[in-house]
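Understanding the architecture of this molecule
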Amino acid sequence: QVQLVESGGGLVQPGGSLRLSCAVSGSIFSIYTMGWYRHAPGKQRELVATIRSGGSTNYADSVKGRFTISRDNAKNTVYLQMNSLKPEDTAVYYCNAGLATKSYNPPSIYWGQGTQVTVSS
C-alpha cells in the first residue's frame, strides 16, 4: 500500500516562507513525476509545480520566481519551498506522485491528504 504524507503547512504572514514536504512510502518500484497542487475555497484545484524523475521542473505562472520544487529520490520525498508568500497563496496544498508498485505494472497517480497553508497578517 502506498502512502503520501505531507507536512510543513501552517500560518505565515505575507512575505514569509514555508517549506512543504511530501514523503512517499509503501511498496514502490519506481516514482516518475511528482507534483504539488492547491485548492482554494471557491476555486478549482490548480497545478502549482511538477518535477520529473530526471529533475526537470514546471511551474504555474503565479508562483514562478517565488516557489521552488525539488525532490530527494533516495528518500522518495518531494519538497516545495515557498517564498514571498501572498494571501492569494492560501489554499490546501496536495502532493501527488506517478508511480509503479511493480516492474510489470503501469504507473498510477497517488495523492496525499493535503496540508493547509494560510497567508495572513
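Residue positions are given per chain, counted from 1 along the sequence in the order it is written. Totals for whole chains, interfaces and linings use all residues, but because this is a predicted model, local features are given only for residues with pLDDT of at least 70 and pairs of side-chain atoms are given and counted only at 80 or more. Side-chain metrics in this entry use all non-hydrogen atoms of the structure; hydrogen atoms and water are not considered.

**Overview of the pairing of strand β4 (residues 30–39)**
Sheet faces and side chains relate simply in a regular strand, where the side chains alternate between the two faces. Here, a strand pair is defined by DSSP locating no fewer than two bridges between the strands. Note on conventions: DSSP H or I runs of at least 4 residues are helices, E runs of at least 2 residues are strands, and numbering of each starts at the N terminus. Both β4 and strand β9 (residues 91–100) contribute to a ladder of eight bridges, which runs antiparallel. Note that in β9 the partner of S30 across the bridge is A100. Strand direction decides the pairing type here: β4 and strand β5 (residues 46–51), joined by five bridges, are antiparallel. Within the sheet, the bridge partner assigned to M34 lies in β5 and is I51.

**Focus: the state of the cysteines**
Disulfide assignment relies on a single distance test, namely cysteine sulfur atoms paired within 2.5 Å. What the rule picks out here adds up to one disulfide. At a sulfur-sulfur separation of 1.9 Å, the disulfide partner of C22 is C95. Because the torsion about its S-S bond is 45 degrees, the bridge between C22 and C95 counts as right-handed. In this pair, C22 sits in strand β3 (residues 18–25) while C95 sits in strand β9, placing the two residues 73 residues apart along the sequence. For the pair C22 and C95, a shared accessibility class is recorded, and that class is buried. Note on classification: 1.4 Å probe, protein chains only; a residue is buried when its accessible area is under 20% of the maximum for its type, exposed when over 50%, partly exposed between these limits.

**Thoughts on the nonpolar core**
Membership of the largest hydrophobic core comes to 30 residues, with the highest contact counts inside it found for W36, L80, M82 and Y93. Within the residue set of this core, elements represented by two or more residues are β3, β4, β5, β7 (67–72), β8 (77–82), β9 and β11 (115–119). Of the residues forming this core, the biggest block, five residues, is contributed by β9. Among the buried residues, those of types Ala, Val, Leu, Ile, Met, Phe, Trp, Tyr and Cys that are joined through side-chain atoms within 4.5 Å form a nonpolar core.

**Looking at the pattern of salt bridges**
A side chain with one charge can pair with a side chain of the opposite charge if their charged atoms come near. By salt bridge we mean one thing: a side-chain nitrogen of Lys or Arg within 4 Å of a carboxyl oxygen of Asp or Glu. A complete count under the given rule lists four salt bridges for this structure. Across the salt bridge formed by R38 and D89, the nearest N and O atoms sit 3.0 Å from each other. Highlighted residues: R38 in strand β4 and D89 in the loop between β8 and β9, separated in sequence by 51 residues. The class for R38 is buried, based on a relative accessible area of 5%. You can call D89 buried: its relative accessible area is 1%.

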